[in-house]
Amino acid sequence: MRDYWNKRFAEEGMIWGCEPSQTVTQAIDLFKKNNAHNILVPGAGYGRNTKMFSSYFEVDGIEISSSAINLAKEWDLKTNFIQESVLEFRISKRYDGIYCYDLLHLFLLEDRKKLIQNCVMHLKEQGVMYFTCFSDRDFNNGVGRNVEEGTYEYKKGKYAHFFTEENLIEHFNDLNILEMGSIRECLTHTEKQQEYELRYVVVQNIG
Ligand SMILES: C[S@@+](CC[C@H](N)C(=O)[O-])C[C@H]1O[C@@H](n2cnc3c(N)ncnc32)[C@H](O)[C@@H]1O
């Protein structure tokens with residue numbers, strides 16, 4: 001995973017442009033409503049989304065790729081970027097909010113559970129999390145070798161899991177689900193535009 005992302009960021013730079021996801025505005029409103037001061041962003045990439053959060057909150061970004069972090073440190077001067085896997089990450093700090101954009105679907109089931117558990121471990125009681133992931137309605141659903149239910153290996157060692165609404169609920173069952181929904185996100189890759197069908201879920205840690 002690390003080598004793949006290092007190579008991509010080194011070769012393609014700011015892969016998805018510098019505009020944040022449309023979901024960031026909604027997440028900022030949610031965090032403000034919850035009186036959040038500090039936010040964790042797992043899989044922060046080159047800081048496309050953290051830059052907007054760091055105008056309002058104290059932000060830590062976890063990112064596995066050193067080449068993404070090199071770009072991020074130039075793009076978003078206020079966020080503290082930590083090079084680490086989100087599956088291994090352990091610190092004593094707890095956060096008021098966690099925003100995790102398009103990371104969850106990259107893992108097989110055991111690691112998806114591990115990622116969510118690790119985020120919950122770093123979330124304060126009553127803290128809120130905003131996750132996005134691929135929807136089963138996405139155009140690429142079904143591309144590649146089926147390795148688990150709803151999961152495809154679309155390149156060697158690279159997985160994409162496509163969530164139905166029920167499946168997303170199952171993943172966050174231990175938390176209080178505040179809101180769920182679907183969005184279409186249009187991202188500009190180096191030359192071309194690509195549309196993605198995503199789902200999002202907003203959950204609260206009820207302790
Ligand atoms: C699809 S990209 C999304 C990047 C960013 N959230 C954005 O929207 O610009 C997934 C990101 O997660 C990072 N990543 C993948 N596996 C990771 C892991 N185990 N720990 C931390 N970051 C990881 C990748 O390097 C990449 O930056």
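Described in the following lines is the structure provided in the data block.

### What about the pairing of strand E10 (residues 193-204)?
In summary, the side chains of a regular strand alternate between the two faces of the sheet.
Thought 1: Counted residue by residue, E10 has 9 buried out of 12 residues, so it is predominantly covered.
Thought 2: Where strand E5 (residues 123-134) lies against E10, 7 bridges are found, and the strand directions are antiparallel. The partner of Phe134 across the bridge, within E10, is Leu198.
Thought 3: Relative to E10, strand E9 (residues 176-188) runs antiparallel, the two sharing 12 bridges. Across the sheet, Ile183 pairs through a bridge with Leu198, a residue of E10.

### Observations regarding the nonpolar core
Thought 1: By size, the foremost hydrophobic cluster in this structure holds 31 residues, and its most contacted members are Leu115, Met129, Phe131 and Phe172.
Thought 2: For this core, the elements supplying multiple residues, two or more each, are helix H1 (2-12), strand E4 (95-100), helix H5 (109-121), E5 and E10.
Thought 3: It is E5 that contributes the most residues to this core, 4 residues altogether.
Thought 4: Among residues more than four places away in sequence, those in contact with Leu115 are Val86, Leu87, Leu103, Leu104, Phe107 and Phe131.
Thought 5: By size, the runner-up hydrophobic cluster in this structure holds 29 residues, among which are Ala27, Ala36, Ala44 and Ala160.

### Looking at the sheet that holds strand E3 (residues 80-83)
Thought 1: If you walk across this open sheet you meet the 7 strands as E3-E2-E1-E4-E5-E10-E9, and the pairing is mixed. The outermost strands of the open sheet, each flanked by one partner alone, are E3 and E9. For this sheet, the mean inter-axis angle between neighbouring strands, taken without regard to orientation, is 20 degrees.
Thought 2: Two strands pair when backbone bridges link them, and strand E2 (residues 58-63) and E3 are joined in this way by 4 bridges, in the parallel orientation. Bridging from a neighbouring strand, Glu63 pairs with Gln83 of E3.
Thought 3: Where helix H2 (residues 23-33) meets the sheet, its contacts fall on strand E1 (38-42), E4, E5, E9 and E10, and the angle it forms with E5 comes to roughly 170 degrees.

Calculation criteria
- Residues numbered from 1 in each chain as written.
- Predicted model: local features only at pLDDT ≥ 70, side-chain atom pairs only at ≥ 80, totals over all residues.
- Heavy atoms only, no water.
- Buried < 20%, exposed > 50% of the residue type's maximum accessible area, 1.4 Å probe, protein only.
- Helix = DSSP H or I, 4+ residues; strand = E, 2+ residues; numbered from the N terminus.
- Pairing = 2+ DSSP bridges.
- Core = buried A, V, L, I, M, F, W, Y, C linked by side-chain atoms within 4.5 Å.
- Contact = heavy atoms within 4.5 Å.
- Axes fitted to C-alpha atoms, helices over the stretch in contact; angles between N-to-C directions.

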